[in-house]
Amino acid sequence: MEQYSGSQIVVLEGLEAVRKRPGMYIGSTGPRGLHHLIWEIIDNGIDEHLAGYCNRINVTLRNDGGIEIEDNGRGVPVDIHPVKKIPTARVIYTVLHAGGKFDSSVYKVSGGLHGVGAAVVNALSKRMLIEIKRDGKIYRDEYENGGHPVTKLENGLLPVVGKCNKSDTGTKIIFYPDDSIFETVEFKSDIIQKKLKEIAFLNKNLLLHFQDEKTGVTKSYIEEFGIKSFVSYLTREMSLIHEEPIYLEGKSGEIEVEIAFQYTDNYSEQINAYCNCINVVDGGTLVTGFKTGLTRVINQYARELGVLKDKDDNFDGKDIRNGIVAIVSIKHPDPQFEGQTKTKLGNTDAKSAVEEVFTQEAQRWFDKNVEVLKSILDNSMKSFNARKASDKARNAVLKQINEVDTRSKLASCSSKKPEECELYIVEGDSAGGTVKTARNRRTQAVLPLRGKILNVEKASLEKILLNNEIKSMIATFGCGIGDDFDISKLNYDKIIILTDADVDGAHISTLLLTFFYRFMPELIFAGKIYRGLPPLYRVEYETIKRNKKTKEFQYLYNDFELDKFRKNNDFKILNIQRYKGLGEMDAHQLWETTLNPETRILAKITISDNIEADEITSTLMSSNVPPRRTFIMEEARYAKLDI
């Protein structure tokens, strides 16, 4: 037995844990994690704004690769911390879980709840400078290589480097991400600008000024009407049922509620939820409260105005929400998010608060705007009648799906425990045959698709349900679709899209993801959808071990890895094989690289921004060509060509 003692237990002090496992704190070390550093610092300024002390945040992309974020809030405290006995500012930027957000006397409402944001940014930066304006003085602190202070204290305090007016307060942060941690340290101007625009919508009268020193681009964002303008922005290219968005606001206890919504002639609903300016992608209790209040109020008016007769059933919630675009934003003193990524709100009082405010304020609004109310009731009745008329046809199709014989295509697994089963969706019988041979038959099932599935963005549900490939998937999954969807009946813990690394493979993946996003989004939100990542190259090389030449090989998954491999002088490359498809690998190679849970690489499909996901899906998959052409032209500069 190997010796196992206390000497083998590694204790990571201070910010070392962040540098060791950055993904735990910022999600990834790719572009998304890189830009998350900016949001963490901006959040501090937003918290000052919510507390009533900040009305401007400046964000500057510097020529030297750094980023500068300055707010005109109260300025971070610079006095000696009573416990740590060092300047409080230094505590905030070097100690995890330290900040004013744990004390309700400082911030009644806060987006960053864990007190790790500023310290994490420091930990993941090779250099960070802090400038604080308080009490007519300008204080400065500086850190290097992951949060190590380089500024010498003067009598235990930060040095004063200048003077300012006593009314001139705030905090300026300049940081340079560590290129030994991040895949890229190049900030994208358009990503930052899009985020600032969203922040402006969610924070009335907060001025956000952006400057890119490299390109000379400057832009300011400020929204007088907040989320009402947000809804107008989201519906700018849609056909509207009523001209102006409906805006409601109110307070229930300590919870502040804002709701804005507008009806369009679309057949889907789009409800975007925010708690303390955090986009809760999976919704939660605040969305439930909005839906409940909306359904009750509209059905009540439908009865009062005679739209629904005594013998009629009530409108279903989906009838009422058909075509709606809504923003639900609340400020909560103690939000409880489900999961580390804050994608769902769990507070039960949020549901009752939103429902109460909506019910009271909507009745007042509709009593003064009867024509708009009538247009919404007409829209609900059309949806109600269309649903009734299509129920029979839909049920007939669903019955066919339940009777689909998938045995000719599906290679099922022997285990009957969904929590240990996986389904690989592959393109074509050739790849399907290889995967079937290579897989673990006990836990891994394979469903080959014959050709490309229907583009669901352009089709009705009835037409979608008649597509053979989609019928096979629905029958295989076992959890139904539409109103009959029940994720608890899903037969697999993971659904893995496995396609070739070419244009056709990418197109098939996109079609599948569009189908999942539009008709089974719960699978994505529950973390059930993955993409398998087979290697792109197999490299044979010669190396010297113990004065003997030996031949070895290694799998590489992208061009970046290949370039890095080529620059290594410790061995001689003999042959590089590029895999254009899964069929070019034998069963053993496919198992080792792509199917073996111990060695494979899977990419979980997640949605971090519902609004962006909806816009991009509509742009790329709809039949409206001009917006798609514009999007492709604008994004082409970020694409990588494989020639």
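See above for the structure.
Just so you know, these numbers come straight off a predicted model, no measurement behind them.

(A) Broad picture of the packing of aromatic side chains. Considering all chains together, one arrives at 16 aromatic pairs under this definition. Judged by centre distance (5.6 Å) and plane angle (90 degrees), the rings of Phe 290 and Phe 358 are edge-to-face. In this pair, Phe 290 is assigned in helix α8 (residues 285–304) and Phe 358 in helix α10 (residues 348–368), connecting sequence segments 68 residues apart. Summarising the aromatic geometry, the rings of Phe 553 and Tyr 555 are spaced 5.6 Å apart at their centres and angled 80 degrees between planes, so their arrangement reads as edge-to-face. For Phe 553, a relative accessible area of 42% gives the class partly exposed.

(B) Representation of the pairing of strand β14 (residues 324–331) within the structure. The buried fraction of β14 is high, at 8 of 8 residues. Residues Ile 324, Ala 326, Val 328 and Ile 330 point to one face of β14 and Val 325, Ile 327, Ser 329 and Lys 331 to the other, with burial holding for every one of them. Here strand β11 (residues 255–263) runs beside β14; their pairing, made up of 8 bridges, is antiparallel. When the bridges of β14 are listed, Ile 259 appears paired with Val 328. Alignment of strand β12 (residues 270–275) against β14, held across 6 bridges, turns out to be parallel. Bridge assignment links Cys 275 to a residue of β14, and that residue is Ile 330.

(C) Representation of the sheet that holds β12 in the model. With respect to topology, 5 strands assemble into an open sheet ordered β10-β11-β14-β12-β13, the strand pairing being mixed. Taken across any chain shown, the strands that pair with only one partner, and hence form the sheet edges, are β10 (246–252) and β13 (278–279). The pairing of β10 with β11 spans 7 bridges and is antiparallel. Along β11, the bridge assignment pairs Glu 249 with Glu 258. The sheet contacts of α10 involve β10, β11 and β14, and relative to β10 the element is tilted by about 130 degrees.

(D) Structural detail: unusual backbone geometry. Phi at Asn 155 takes a positive value of approximately 55 degrees, unusual for a residue other than glycine. The residue Asn 155 is located in the loop between β5 (148–149) and β6 (160–163) in this model. A positive phi angle, near 70 degrees, is found at Cys 277, a position not held by glycine. Following the sequence through the fold, Cys 277 ends up in the loop between β12 and β13.

(E) Representation of the pattern of salt bridges within the structure. Taken as a whole and judged by the stated rule, the model has 23 salt bridges. A salt bridge links Arg 62 to Glu 68; its shortest N-O distance comes to 3.0 Å. Note that Arg 442 is salt-bridged to Glu 420, the shortest N-O span being 2.7 Å. Of the two residues, Arg 442 sits in the loop between α12 (428–438) and β18 (444–449) while Glu 420 sits in the loop between α11 (370–402) and β17 (422–427), which places them 22 residues apart along the sequence. According to the relative accessible area criterion, Arg 442 is partly exposed, its value standing at 43%. A relative accessible area of 27% means that Glu 420 is categorised as partly exposed.

(F) Just the sheet that holds strand β19 (residues 494–498), in detail. Strand order across the open sheet formed by 5 strands is β18-β17-β19-β20-β24, with mixed pairing between neighbours. Every other strand in the sheet has two partners, leaving β18 and β24 (602–604) as the edge strands with one partner each. Across this sheet, the average inter-strand angle for adjacent strands is 30 degrees, counted without regard to direction. Contacts from α12 reach β17, β18 and β19, with the element oriented near 170 degrees to β18. Contacting β17, β18, β19 and β20 (529–532), helix α15 (residues 503–519) runs over the sheet at an angle of about 150 degrees to β19.

What counts and what doesn't
Residues numbered from 1 in each chain as written. Predicted model: local features only at pLDDT ≥ 70, side-chain atom pairs only at ≥ 80, totals over all residues. Heavy atoms only, no water. Phe/Tyr/Trp six-rings, centres within 6.5 Å; stacked < 30°, edge-to-face > 60°. Helix = DSSP H or I, 4+ residues; strand = E, 2+ residues; numbered from the N terminus. Buried < 20%, exposed > 50% of the residue type's maximum accessible area, 1.4 Å probe, protein only. Pairing = 2+ DSSP bridges. Contact = heavy atoms within 4.5 Å. Axes fitted to C-alpha atoms, helices over the stretch in contact; angles between N-to-C directions. Salt bridge = Lys/Arg side-chain N within 4 Å of Asp/Glu carboxyl O.

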